[in-house]
Amino acid sequence: MSKLETFTAPETIETVALSNLYLSDINPRQDVAEEGIALLAESLATCGLIQNLSGLRDKDGKVGIVAGGRRFRALNIAVTERPDLAHVSVKITDNPFVAEQWANAENTAREELDPIDEVRAYGKMAAKSLSVAKISTAFGVNEGHVRRRLALAGLPNPVLDAVKAGEISQGIAKAMTVSTEEEKILEVLERAKESRWYSEHDVKAALTSEAICSENRKAVFVGQDAYVAAGGTITTDLFENETLFNEGEILETLFAEKLAEEAAKLREAEGWEWVETHDESYIPYGYTEAQNLQRLEKVRLVYTEKQAERFDELDELLQNEVLDEDGKAELAALRNHTVPFYSDEQRKFAGVVVYVDSNGKVSTSSAYVAAEHVAAAVEAGVLAPVKAPKTKQEAKPAFSQKFIDDMVAIRLGAIQTAMLDKPEYVLSLFAFYATPASDHTNIFGLGHGWAERNTPEIDDQFNLDPRLGGERDEAAEEAYDQFQEMAGKGSVEAFKAFRDLGKKTRNGEITAFLARRFTTQRPEFMAEIMEEVGADMRAIWTPSATNCFKRLKGWQLDDLYKDLLDLHMDTDDYRAFSKSKKGEKNEAMHKLFNDPEHQKALRVTAEQKAKIDAWVPECF
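Residues numbered from 1 in each chain as written. Predicted model: local features only at pLDDT ≥ 70, side-chain atom pairs only at ≥ 80, totals over all residues. Heavy atoms only, no water.

Glancing now at the environment of Pro156. Locating Pro156 in the fold gives a position in the loop between α6 (143-153) and α7 (157-164). Along the backbone, Pro156 and Glu181 are 25 residues apart, and their C-alpha atoms lie at a distance of 9.6 Å. Filtering out sequence-adjacent residues up to four positions away, Pro156 remains in contact with Glu182, Ile185 and Leu186. (Helix = DSSP H or I, 4+ residues; strand = E, 2+ residues; numbered from the N terminus. Contact = heavy atoms within 4.5 Å.)

Take a look at the structure:
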């Protein structure tokens, strides 16, 4: 028989007395840690035997345990507390070759426990005050694995029952751990069981409608301590390694108060006429025009002839490495002399806007003169005379800025998603970025904690690849635990261990890291990259009444409906649609994009369906 063939022989699962069992010589687990056996015995006394033993029946009728040696040893201890463990389930074979296969599997690819049985077992042990470390020792798994299982153990029993019955996925259950409100969780459970389209994102959105991630700029700016001191509560999501601030209103209030305090401090310290606050993470285009503010140019001093000569003299001494400390201080002062600045006289008429950037840091705009101070500033000579505004009224934009910002974020997410499957292309792009050929184009944002927004503000029907949002599947979680364990070994040993994981792991980590940090490019370069990686916005986003159609104008929906269904303006279908109310148009467009039965009723052709499935707003 070849090594690739599998021998099949009859096997049975029988209830056998412990007294008729013994540890077989072919069992690979001959030497085990006594502490682990004692902890496992405590687990068996609490939870019972979840996973049966495997054994070979000998000529005397007794059974030698070939797989499950640790459990067999622990059972002999646990039976003193639980007499019912004197008889246990054993998978039995009479064929030595099959028994040896089971023994090998015990040593290399041991059969895993059912995840929910494992969750409940860990939960029972934790309820008896056993630490995470002890549970991990008892079951032979790492502590990170135990913590994630214990997070699930805190869910209501109907959720765990639903996972075991296959009614919901384990991922849906993980998403429910962001909440501790049992009634709310059970409501969401019913929704998830009723609809196979109910995603993990939908679950989190339903359970944490006000919750804000601790890495959000407002949370970073306010700080967890201040938030909790004000009565806010937090929830830790072990599966995404993040903390959620549950009360959005408390955070918003603290954010506004602290930003106002920063503005007051800045006004007092720097002598500005006024300092305003702005809630967003940047000053949008057109903001200053809308506020009727006039930009103030900084003062630029120039060298006198004598200062210029002295600068050249000191700089030459510095280049020859013979300039003393006093000379260096004088040279630094001369350099600072020409740095642009706002004078005290300018500050009497001007002000700045203070905001919190995407990293949670306080930032300040350029200085501006408010309309009521323009005349005085011009008279004082700190502001050039203001030109008369143009009388021509520009047409209002077809799309709101927030809608455009959402589409930009979705497009970025689509490109980053496509990049995950294009490691060679991503590495080539990174290599190009590192050379002068890129002309210093900021293709990747590599600053600490930096990443451009790739999730829309209204994220209805939006599903970003988990690897871009910091999430991991079960296999990736195990790999991440390995990386954390490596970190404790020191850089040299950790690097060796990482290399041993192979090129596939290395390339996957590099690709995911760079994809998350790819930034929006110039239009022509963006279009080229999007085409080459095969990015598709519709792969991660589906237009709906909430995320799209409510945000478009009625005439835009009229044109879209006509174009997608190849209608003429004089057809009854088009006239009926165009004359309907805006809310009815929103709902009709939602059904056209999301309801197959509605498409069927409209007799949508294959070509029209293709257009519907490919459509995205032309707003970039």
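Now for the pattern of salt bridges. As enumerated under the stated definition, the model contains 22 salt bridges in all. One salt bridge in this structure joins Glu270 and Arg347, with 3.3 Å as the shortest N-O distance. Remark: Arg347 occurs in helix α17 (residues 344-347) and Glu270 occurs in helix α13 (residues 248-270); sequence separation between them is 77 residues. Glu270 sits in the partly exposed class, given a relative accessible area of 36%. (Salt bridge = Lys/Arg side-chain N within 4 Å of Asp/Glu carboxyl O. Buried < 20%, exposed > 50% of the residue type's maximum accessible area, 1.4 Å probe, protein only.)

A separate point is the sheet that holds strand β2 (residues 21-23). Spatially, 5 strands are ordered β1-β5-β3-β4-β2 in an open sheet, and the strand pairing comes out mixed. A strand with exactly one partner marks an edge of an open sheet, and here the two such strands are β1 (12-17) and β2. With direction set aside, neighbouring strand axes in the sheet form an average angle of 50°. Pairing of β1 with strand β5 (residues 87-93), which is carried by 6 bridges, proceeds in the antiparallel orientation. If you follow Glu14 over to β5, its bridge partner there is Val90. Sitting on the sheet, helix α2 (residues 69-78) touches β2, β3 (53-57), β4 (63-67) and β5, and the angle it makes with β2 is about 125°. (Pairing = 2+ DSSP bridges. Axes fitted to C-alpha atoms, helices over the stretch in contact; angles between N-to-C directions.)

So, about a negative patch on the surface. Judged by side-chain charge, Glu181, Glu182, Glu183 and Glu187 come together as a negatively charged surface patch. Tracing the backbone shows Glu187 in helix α9 (residues 182-194). (Patch = residues over 30% accessible without salt bridge, like charges linked within 9 Å, V, L, I, M, F, W, Y side chains within 5 Å. Areas by Shrake-Rupley, 256 points an atom, 1.4 Å probe, with all protein chains shown as cover. Lys, Arg positive; Asp, Glu negative; His and termini not counted. Charge placed at Lys NZ, Arg CZ, Asp CG, Glu CD.)

Right, let's get into the packing of α7 against α9. Packed helices, taken two at a time, are described by the angle between their axes plus the distance between the axes. Packing of α7 against α9 leaves a shortest axis separation of 10 Å and a crossing angle of 20°. Classified by the angle between their axes, α7 and α9 sit roughly parallel to one another. For the pair α7 and α9, the sense of crossing is left-handed. Here Pro158, Val159 and Ala162 of α7 lie close against α9, whose contacting residues are Ile185, Leu186, Leu189 and Lys193. Taken together, the residues that form the contact of α7 with α9 break down as 6 nonpolar, no polar and 1 charged. (Parallel < 35°, antiparallel > 145°, perpendicular 65-115°, else oblique. Left-handed = near helix turned anticlockwise from the far one by under 90°. Nonpolar A, V, L, I, M, F, W, Y, C, P; charged D, E, K, R; others polar.)

Aromatic ring pairs are described here by two measures, namely the spacing of the ring centres and the angle between the planes. Evaluation of the coordinates by the stated rule reveals 13 aromatic pairs. For the pair Tyr227 and Phe245, a centre-to-centre distance of 4.4 Å together with 25° between the ring planes defines the contact as stacked. Of this pair, Tyr227 sits in helix α12 (residues 224-229) while Phe245 is found in strand β8 (residues 242-245), placing the two residues 18 residues apart along the sequence. Taken individually, Tyr227 and Phe245 each receive the classification buried, so the pair is uniform in this respect. Among the aromatic residues, those joined into a ring-pair cluster are Phe430, Tyr433, Phe444 and Phe518. In this structure, Arg347 packs its charged tip against the face of Trp272, placed 4.7 Å from the ring centre. (Phe/Tyr/Trp six-rings, centres within 6.5 Å; stacked < 30°, edge-to-face > 60°. Lys NZ or Arg CZ within 6 Å of the ring centre and 35° of its normal.)

In this section: helix α23 (residues 503-516). Compared with an ideal rise of 1.5 Å per residue, which puts 14 residues at 20 Å, α23 spans 20 Å between its outermost C-alpha atoms and is within 8% of the ideal. What α23 keeps buried is the set Thr511, Ala512, Leu514 and Ala515. Check the buried side of α23 and you find it contacts α19 (401-419) and α20 (423-433). (Expected span 1.5 Å × (residues − 1).)

Those residues of α6 not exposed but buried are His145, Val146, Arg148, Arg149 and Leu152. Across the axial projection of α6, the buried residues extend over an arc of 165°, all falling on one side. (Arc of directions from axis to C-beta.)

Attention shifts here to the environment of Glu247. Along the chain, the position of Glu247 falls in the loop between β8 and α13. Distance in space between the C-alpha atoms of Glu247 and Ile212 is 7.9 Å, their sequence separation being 35 residues.

The predicted model of the protein chain has a mean per-residue pLDDT of 83, with 89% of residues at 70 or higher. Scored below 50 in pLDDT, residues 1-9 shows 9 contacts in the model against residues more than four places distant or in partner chains. (pLDDT = per-residue confidence, 0-100.)

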